[in-house]
Every structure is written in structure tokens, then in C-alpha cells.
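Inside the fold
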Amino acid sequence: MLAVSILISGEFWRFSTTINSSSSMLIIPSFEVQQMKMSPKWSVHVFVILIVVLLCTIVNSQLQVGFYRNSCSSAELIVKDEVRKSVLKDKGVAAGLVRMHFHDCFVRGCDASVLIDSTSSNTAEKDSPVNNPSLRGFEVIDNAKAALESVCKGIVSCADIVAFAARDSVEISGGLGYDVPSGRRDGRISLASEALTQSTSPYIHSHTIGRSHCTSFSNRLYNFSGTMSQDPSLNPMYAAQLKQQCPQDGTNPNLVVPMNPGSPSIADTGYYIDILRNRGLFTSDQTLLSDPETASQVNQNAKTPKLWKTNFAAAMVKMGQIGVLTASAGEIRANCRVVN
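Residues numbered from 1 in each chain as written. Predicted model: local features only at pLDDT ≥ 70, side-chain atom pairs only at ≥ 80, totals over all residues. Heavy atoms only, no water.

1. As for the state of the cysteines
Taken as a whole and assessed by the stated rule, the structure comprises four disulfides. There is a disulfide in this structure between cysteine 105 and cysteine 110, and the S-S distance comes to 2.0 Å. In this structure, the disulfide formed by cysteine 105 and cysteine 110 twists by about 115° around the S-S bond and is classed as right-handed. Residue cysteine 105 is classed as buried on the basis of its relative accessible area, which comes to 1%. (Disulfide = S-S within 2.5 Å. Buried < 20%, exposed > 50% of the residue type's maximum accessible area, 1.4 Å probe, protein only.)

2. Quick word on helix H11 (residues 292-303)
Over its twelve residues, H11 extends 16 Å from the first C-alpha to the last, a length consistent with the 16 Å expected when each residue adds 1.5 Å. Along H11, the residues classified as buried are Thr294, Ala295, Val298, Asn301 and Ala302. One side of H11 carries all its buried residues, which in axial view fall inside an arc of 125°. Facing away from the buried side of H11 by over 90 degrees, the exposed positions are Pro292 and Lys303. (Helix = DSSP H or I, 4+ residues; strand = E, 2+ residues; numbered from the N terminus. Expected span 1.5 Å × (residues − 1). Arc of directions from axis to C-beta.)

3. Considerations on the UniProt feature "binding site: Ca(2+) 2" (unreviewed entry) in the protein chain
Listed under "binding site: Ca(2+) 2" (unreviewed entry) in the UniProt record, and renumbered for this structure, are Thr208 and Asp268. The largest pairwise C-alpha distance within this set of annotated residues, which runs over 61 residues, is 6.4 Å, so the set is compact in three dimensions. Here threonine 208 is to be found in the loop between helix H6 (192-198) and strand E4 (211-213). (UniProt positions renumbered as here; feature names shortened; annotations may be inferred.)

4. Focus: empty space enclosed by the protein
Evaluated as defined, the whole model comprises one cavity of 30 Å³ or more. The volume enclosed by the largest cavity comes to roughly 50 Å³. Tallied by class, the residues present in the lining of the largest cavity amount to six nonpolar, two polar and one charged. (1 Å grid on protein atoms, 1.4 Å probe; cavity = no way out; pocket = protein on both sides within 12 Å on 5 of 7 lines; lining within 4 Å. Points joined across faces, edges and corners; volume = space filled by probe spheres on them. Nonpolar A, V, L, I, M, F, W, Y, C, P; charged D, E, K, R; others polar.)

5. Observations regarding the packing of aromatic side chains
Counted by the stated rule, this structure contains six aromatic pairs. Between the aromatic rings of tyrosine 68 and phenylalanine 164, the centroid separation amounts to 6.4 Å while the plane-to-plane angle is 75°, which identifies the pairing as edge-to-face. Pair noted here: tyrosine 68 is in the loop between helix H1 (44-58) and helix H2 (75-89) and phenylalanine 164 is in helix H5 (residues 158-172), with a separation of 96 residues, a long-range link. Residue tyrosine 68 is classed as buried on the basis of its relative accessible area, which comes to 4%. Among the aromatic side chains, those forming a connected cluster through ring pairs are Tyr271, Tyr272, Trp308 and Phe312. Against the face of phenylalanine 138 rests lysine 126, its NZ or CZ located 4.3 Å from the ring centre. Residue placement shows arginine 279 over the ring face of tyrosine 238; its charged tip is 4.6 Å from the ring centre. (Phe/Tyr/Trp six-rings, centres within 6.5 Å; stacked < 30°, edge-to-face > 60°. Lys NZ or Arg CZ within 6 Å of the ring centre and 35° of its normal.)

Take a look at the structure:
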């Protein structure tokens, strides 16, 4: 039994679920929910990280660094080359590939189910409102898979390609490179309904690279907490800049702005510096300063970029082990968009 407590609207709630720890798969069939009478202390950001750590601790992943060393020695280099070529054409792809890894792992585990196309009888994860139209980078995975199939047919899983591509995107964007344990296999099920209920909300993500649609934060500019006014915690100059980019009477739902305007394509600690200046784009970003412990982490990350990069890399490795399929479970898709 795994129990996790999460802060929701100022109150703690306890989520309990049964885990099959003897399997390489993480099984979460149902949740038991109950309110806990505790004093709020942690922010939801910290509990998202806690969930990742707890799940990865109990998963017998059977992953290993250098998994393709003998079967397809050039696998990781081929993926990195495709990522590099794509980022040269469009820097925003890097953030898209990191986000893809997150959205894949939090639904059915890191099994590449987010890559599967919808059919006439099933709406897949990628077409859930959580992912469509915001999720991007699918063509990079397609290109990497095609290149790998030409030299190592049927060897490298789509799930591992997604994990490699996320790592390469972080490194190419100025973050710390890290070893990716691999050996994942691909899932056969992809449901939009599960993406809606299991994906982490875009409002509780912390972002250093990438962009956001104006519709995701415009309430802070024009109707904060239903008051028809601006969020008082938002830096006035920054708010004025955002209002120019995202006009209240705008009719274009595709308008986007960088989430870290000072260095939108660089994986650095500018995000934390912005928070300290009340320039966090989302309410959830600025909320990090409302608790002494998370505020301390914001300050630490802002002052010690090297430590942040190291911690971020370690967190990505842990997340990449959530609910993986290994050994004889799942399959190795020939086409990442279609189940074999």
C-alpha cells in the first residue's frame, strides 16, 4: 500500500493505492481518498516531487545504463543527432520533448503511450485536451525511430527514445547531461480519458524553458480570483508587458509567451530568479514563496545554478523509471504511433 498526502486548496488529502512491488510494472487500479486534519506546510510542487520519488523507489525497473551497448551501440548518438537537428530549426522543440517525457511517464508510466495515434474506435492520450494542441516534438521521435530501425531493426523502444530525447534536449539547452538507464518497452494502451485524470496539471509545473498559451494565465491579468483585477503578487512592469502580448479582447487562442522571458531557450536558474522578482508566470510559480521551505529552495536554486542542474538531472532519471515495462512486458513498436 502506498499513501501520499497532497495539499489541495489549503487542506491536506491522503491518496492511498495498492502497488504490485514484485512486478516490473506499477499498477494503480484505484485510489482511496480521505481528508487529513493537518496544518499546511508543503506546497503541491513538493508533493509532486515526493510522488515521483516514492513511486521510483518501489519500482523494480530492471533498467540499466548502456542497455543497447551490444545490441545497438549507436542508439543514443542517433537520437541525439535527430534532437540536435530539430532544435537547430526550432529551439522550442527542446522544451516540447522534455514536456513529452513528463506527460508520458505520468500516464501508465514511461511506456511511450503518449505517442500512439487515435483510431476510429479510440481517442488516444495525445488527443486529450491536456496534450492537444500543446504537446509537440512527435516528428523528432518519428525521425529518430526511423533512423534506428534502419540500423537496428526492432531493438530500441519508443519509450527509451523519448527518455533519451528529453535528456538530449536538456543538455542542448544548457542543462547538465546525465546517464539514462534504459531497457524500457512500449505499452499497447493509450486512452485520452486517463490523460485527463492522471497527467500533472500545467498549472503546477515549474518551467525554465518553453512557452505558455495566454489562456493559461490570463486570469492573473484581468480577473484574478473573480475580482476583475490584476493579481497583486505579479510584478506590475511584468504584468504590463504580458498585457501587451496577451490583450484582454484578443481573439487568437494560439498566442504564446515564454515562461522564462530572460532565457526562454536555456535550461538555467533564471526561472527562480524571476520568482524572487515576482515574475513567475503562473500562480503556482509565485506560490512557492508562500511557504518557508519552498521559498528556501527557490533562493538556493537561484544562487547555486550548478546544484540545481545536478538535482534536476537526478530528478529526471528518477521520473524516467516510473511504471516502466521491461523484460517480456509490452513490446518494441516498429512505428511509435501504432501498436504492433
